[in-house]
Each structure stands twice: as C-alpha cells, then as structure tokens.
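For reference, the chains in residue letters:
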Amino acid sequence: MTDPSFQLLMQQLSQVTGPQLLVADENLRDAPLHLLLADTITLITNRYDIYNQAQSSGLSCHFNDFDFSSFGDNSFSQVLYRVSKEKPVTHHVINNSRRLLTNNGTLVLSGAKTDGIKTYTDKAARYFGTRATPEKHGSVYRGVIHHQSSTEQPLDDQDYQQLRPCISLTSPSNDYLLYSKPGLFGWNKVDQGSAFLAEHLPAFFGRFRNTPRHILDLGCGYGYLSVAARQCVEATITATDNNAAAIAACSKNFSLAGIDGEVIAGDCAENITKKFDAVICNPPFHQGFTTDNQLTQRFVTSCHQHLKTGGMALFVVNRFVPLESCAEPLFQVSKFGENKGFKLVLLEKH
C-alpha cells in the first residue's frame, strides 16, 4: 500500500516549476515512482531497491548514504521528503535542503504525527528563517517551508555522514572496535538478536561435515555477524545489505578485520548469483514505521536460492516472527536456541 504521506508529496509537485529533488528512504519502497515526471524530478535514496525501481522508471537517481555533495548550491526549486524513522537522518536532510534550495524555494515534509512531523516542520522553519504550520490531511500532515535568508545553526544530526568506531567485539584471538554510524538500525550498539546468534556460531559451524568455505551474511548491517563468523572459521564471506550506510560501515569493518570477501549492495541478495555453504541472517521485520511479515518470507526465499544443496543457514528472529512457517516448504527446519526475546532457527537444504 502506498504511504499516504507520499501522496501528499505528489500533490505538491505541480505547485512549483523548475527542478525538484525527491529524498526517498525505506518508507517509499512501494511508492508509484513511475508516476513521477522524469524531466523535472531527481531522486536520491539510501535504499538499493528504490534505486532499481527509480532507474526502471526512467528517473535520474542517485544511490548513496544521502550524500548531497554532488548537487550545487541553489540547485532545486523544491525538495520533497517523507521524514525518516531516525532523527539524525531527518536533521541531515533538512540541513542540506537549505543549501540546495533556490531563494524562496520550498522544502516539503510529510509524515504522521507520531513520526514527529510537527516538530520537524517547526525546526525546519526556524532553520530556514521563516514560520510554517503543518496541514493535516486525514491521518498525515504536510509542512511546506519556504527558503528565506537565515543564520540559524544547523540541526543536530550527530555528524551523520561520518563513520565512527563505537562497537566492541572481543574474542580469544582479537579485539575489534567496529565502525558504524547513524542511519543504521541499532547503529551504536550490538543488536541483542545478533549477539545471540554470534554466541551460537561455533556450534552452528560445528554441525558441518566439512568446514564451510563460503558464507553469506544476508542483511549484514555494519557487519557484526561477518566479523564474528570470521573469528570462528577460515572462510570467504560475502555480505550484502539494501542500505547504503550499512554498505559503507560493513566495508570499513571488513578491512579492519582483514576479512577475505566482499560487501555488495543489493535487495535480499537478488544480484548475487553465487551459492554458499552457509548463510547467517538477522532479518529485519520492519518496513519503515510498520511491521512487514513479507520481509521474512523474502529473506527465507533468498536464502534458499543462495544456499548450496546440503548447506545450512542460521536465522535469528524475534519470537513472534513466524519464520518456521515461511521456511518449512523449502527447508528442513529446527529450533537451534531460544531466550526470552529471540529464537534461533536452523534451516537445512536437502
């Protein structure tokens, strides 16, 4: 279903002339981008699936971690943005929009009240040297902020673009300080599910008759599971994620840990043709602001496509996620561990 906040942005497209920039994150994954006018709209996204969709629609599109440096000052008459889940990302986009907009150009924000749209509209207006009140349209709001001369200081984006060392990973042989950044889920900590899976990696790899030589980290994030796996076995590791920030952080951590392998941007590994002896995965179960059980099915299906016959995969999910029912038509499924919040599910491909 199309996010109603995107529909509010669409309505605003015809209100101005000149080039316009659409900033798209995971919330616009299912948006009808083919309805946009390719001759007036440029799209920037941190999601590889949206990038592919935009290219298929003939749009000018940039895939990166919301790096606006390739755009000159005063490049756009309008910037359109459905606010993100993370505050540093939203602040980063608002800060850059002031430079990108022409004089009296407009920044259009949309989102629900629970997304913080009222606060973001107020902050953006003050930063732009003007006033604005978001308009309510059903369950969502749209704020239109006009670019005026202003000397207000930028919003705090926690130095969004910079990777920083912030996660400790300790093993009997090595200690690592892993790099991460805002814009990633749980960016400054070890996700409890990933930590639970990492604890069981020695037992998982011990089930193989022959030590796995090629491992896929499906939905790698900043690469915690890849680094943990490399501490257990000598293997080539391929890590993949849909998020540009994850690709940057994971690549840094591969280099830091001396991992033999590669980090590839992709949507559920759809552009990877290689098959693997083992797959490790902590799949997301949220799409933007909402829970999406279809994501679990997509990760299970991708795992089946990329696992060799006789190979095994280890997934960690919240206890309420129905991964077993998704996987049973494709795999031999068994529970590998469980605690109060998470369960480990072993998938064997025969």
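Small disclaimer: the values here were computed from a predicted structure and weren't measured.

Participant: An account of the sheet that holds strand 6 (residues 135-137) is needed here, citing residue identities and associated values.
Facilitator: Here we have 7 strands laid out as an open sheet, ordered 3-2-1-4-5-7-6, and mixed in their pairing. In the strand order of this sheet, the two ends are held by strand 3 (60-63) and strand 6, each with one partner. Averaged over all adjacent pairs, the angle separating strand axes in this sheet is 20°, with direction ignored. Summarising the sheet, strand 2 (residues 41-45) and strand 3 pair through 4 bridges and their orientation is parallel.

Participant: Account for the environment of Lys 87, naming residues and giving values.
Facilitator: Relative to the elements of secondary structure, Lys 87 occurs in helix 3 (residues 87-100). Judged by relative accessible area, which is 45%, Lys 87 ranks as partly exposed. In the structure, Lys 87 is positioned 96 residues away from Gly 183 in sequence and 8.9 Å away in space, judged by C-alpha atoms. Residues contacting Lys 87, with those up to four places away along its chain left out, are Tyr 120 and Lys 123.

Participant: Account for empty space enclosed by the protein, with residues named and values stated.
Facilitator: Under the defined criterion, the tally for this structure stands at 1 cavity of 30 Å³ or more. In this model, the largest cavity occupies a volume close to 40 Å³. Of the residues forming the lining of the largest cavity, the biggest block, 3 residues, is contributed by helix 1 (residues 4-12). For the lining of the largest cavity, the per-class residue count stands at 8 nonpolar, no polar and no charged.

Participant: Any details on the state of the cysteines? Residues and values, ideally.
Facilitator: Applying the stated criterion to the full structure yields 0 disulfides. As a non-bridged cysteine, Cys 61 has Cys 268 as the owner of its nearest cysteine sulfur, 19 Å distant. The structure places no disulfide on Cys 166, whose sulfur is separated from the nearest cysteine sulfur, that of Cys 250, by 14 Å. You can call Cys 166 partly exposed: its relative accessible area is 27%.

Participant: Mind laying out the nonpolar core, listing which residues take part and the relevant values?
Facilitator: One recurring pattern in soluble globular proteins: nonpolar side chains tend to sit buried together. With 41 residues, the main nonpolar core has Leu 178, Leu 197, Leu 201, Phe 204, Phe 205, Ile 215 and Ile 280 as its most contacted residues. Broken down by element, the residue count for this core peaks at 6 residues, all from helix 8 (residues 244-257). In contact with Leu 197, not counting residues within four places along its chain, are Leu 225, Ile 280, Cys 281, Leu 314, Phe 315, Val 316 and Leu 344. Core analysis: the second largest hydrophobic core is formed by 28 residues, Val 79, Tyr 81, Leu 101 and Leu 155 among them.

Participant: Just give me the short version of the packing of aromatic side chains, but keep the residues and values in it.
Facilitator: Going through the model one piece at a time under the given rule, you end up with 9 aromatic pairs. Centre to centre, the rings of Tyr 48 and Phe 63 are 5.3 Å apart; their planes meet at 85°, and the pair counts as edge-to-face. Placement of the pair is Tyr 48 in helix 2 (residues 48-56) and Phe 63 in strand 3, with a sequence separation of 15 residues. Residue Tyr 48 is classed as buried on the basis of its relative accessible area, which comes to 18%. With 5.8 Å between their ring centres and 40° between their planes, Tyr 51 and Phe 63 make a pair best called tilted. Taken together, the residues Tyr 51 in helix 2 and Phe 63 in strand 3 connect sequence positions 12 residues apart. The class of Tyr 51 is buried, set by a relative accessible area of 19%. Counting every residue linked through ring pairs, the aromatic cluster contains Tyr 48, Tyr 51 and Phe 63. The positively charged end of Lys 181 is found above the aromatic ring belonging to Tyr 160, 3.4 Å away from the centroid.

Participant: So what's going on with the sheet that holds strand 16 (residues 307-318)? Residues and values would help.
Facilitator: Strand order in the open sheet made by the 7 strands is 12-11-10-13-16-18-17, with mixed pairing throughout. Because the sheet does not close on itself, it has two edges, and the strands there are strand 12 (261-265) and strand 17 (332-338). Looking at each pair of strands side by side, their axes are set apart by 15° on average, direction ignored. Strand direction decides the pairing type here: strand 11 (residues 236-241) and strand 12, joined by 5 bridges, are parallel. Along strand 12, the bridge assignment pairs Ile 237 with Gly 261.

Calculation criteria
Residues numbered from 1 in each chain as written. Predicted model: local features only at pLDDT ≥ 70, side-chain atom pairs only at ≥ 80, totals over all residues. Heavy atoms only, no water. Pairing = 2+ DSSP bridges. Helix = DSSP H or I, 4+ residues; strand = E, 2+ residues; numbered from the N terminus. Axes fitted to C-alpha atoms, helices over the stretch in contact; angles between N-to-C directions. Buried < 20%, exposed > 50% of the residue type's maximum accessible area, 1.4 Å probe, protein only. Contact = heavy atoms within 4.5 Å. 1 Å grid on protein atoms, 1.4 Å probe; cavity = no way out; pocket = protein on both sides within 12 Å on 5 of 7 lines; lining within 4 Å. Points joined across faces, edges and corners; volume = space filled by probe spheres on them. Nonpolar A, V, L, I, M, F, W, Y, C, P; charged D, E, K, R; others polar. Disulfide = S-S within 2.5 Å. Core = buried A, V, L, I, M, F, W, Y, C linked by side-chain atoms within 4.5 Å. Phe/Tyr/Trp six-rings, centres within 6.5 Å; stacked < 30°, edge-to-face > 60°. Lys NZ or Arg CZ within 6 Å of the ring centre and 35° of its normal.

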